[in-house]
Amino acid sequence: MNQRLAHVTVLVRNYDEAIAFYTNVLGFSLAADADLGDGKRWAVVVPQGPTGGCGLLLAEAHTEAEQRAVGQQGGGRVWLFLHTDDFWRDHPVLQARGLRFLEVPRTEPYGHVAVFEDLYGNRWDLLEPLGG
C-alpha cells in the first residue's frame, strides 16, 4: 500500500479571511480555490516546502454546529503541528507578522517548540524536530 494524508479540514468563519491569514501570516501558499456552488469552495492552503505534504482544506462554517466548532476542533489542545527546518529563523518572522504565541519558545527532548493560535483559536505547535 502507498498512502498519505492529503488534507485536513479546518472550519473557518469566512474563506477570504482564512486564506488571508494562512497565506499572509503563516506564509502558506494557496494551492486551490474553486467555487463549488451553493456558497462552498474548495480552498486548500499548504505550507512552504516539499510538495506532497498535507494541506488544510478550509471549510466555511454554515450550520450552527459548524459555527460553534470553529476554533474548537482540537478541544482546546494542540492538534496541528507545523514543522520547520529552522525554528529560530521562523519564530521571530511569524511573531513580526502578528502570529500570537501562547508561550515562550522552549527546547524539549524532541525539538524546539512554541504553541501558537491561528485566527480562530486553534492551537498549533511550531516545531523544529531534533534528531531527524
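Residues numbered from 1 in each chain as written. Predicted model: local features only at pLDDT ≥ 70, side-chain atom pairs only at ≥ 80, totals over all residues. Heavy atoms only, no water.

**A few points about the overall build of the chain**
Reasoning step 1: For the chain, the helix and strand inventory stands at three helices and nine strands.
Reasoning step 2: When the helices and strands of the chain are placed in sequence order, the string is β-α-β-β-β-α-β-α-β-β-β-β.
Reasoning step 3: Here the C-alpha radius of gyration of the chain, 15 Å, is about what a compact globule of 132 residues would show, namely 14 Å.
Reasoning step 4: Along the first, second and third principal axes, the C-alpha atoms of the chain reach 45 × 35 × 30 Å.
Reasoning step 5: Taking all 132 residues of the chain together, 37% fall into the buried category.
Reasoning step 6: In the chain, the proportion of contacts linking residues at least 24 apart, taken out of those at least 6 apart, comes to 53%.
Reasoning step 7: Accessible surface, the chain: about 7700 Å² in total, of which carbon and sulfur atoms supply 51%.
Reasoning step 8: Side-chain charges of the chain comprise 11 positive and 17 negative groups, with the mean position of each set lying 3 Å from the other. (Helix = DSSP H or I, 4+ residues; strand = E, 2+ residues; numbered from the N terminus. Rg over C-alpha atoms; globule rule 2.2 N^0.38 Å. Buried < 20%, exposed > 50% of the residue type's maximum accessible area, 1.4 Å probe, protein only. Contact = heavy atoms within 4.5 Å. Areas by Shrake-Rupley, 256 points an atom, 1.4 Å probe, with all protein chains shown as cover. Lys, Arg positive; Asp, Glu negative; His and termini not counted. Charge placed at Lys NZ, Arg CZ, Asp CG, Glu CD.)

**Here's the deal with the sheet that holds strand β1 (residues 7–12)**
Hydrogen bonds along the backbone pair up the strands of a sheet, which may run parallel or antiparallel.
Reasoning step 1: What the four strands build is an open sheet, ordered β1-β4-β3-β2; its pairing is mixed. The sheet is open, and its two edges are formed by β1 and β2 (29–37), each paired on a single side. Recorded for the sheet is a direction-independent mean angle of 25° between the axes of neighbouring strands.
Reasoning step 2: Examined bridge by bridge, β2 and strand β3 (residues 40–46) share seven bridges and lie antiparallel to one another. What sits directly across from Ala-34, in β3, is Trp-42.
Reasoning step 3: Here helix α1 (residues 15–25) sits on the sheet and contacts β1, β2, β3 and β4 (55–60); the angle it forms with β3, its principal contact strand, is near 5°. (Pairing = 2+ DSSP bridges. Axes fitted to C-alpha atoms, helices over the stretch in contact; angles between N-to-C directions.)

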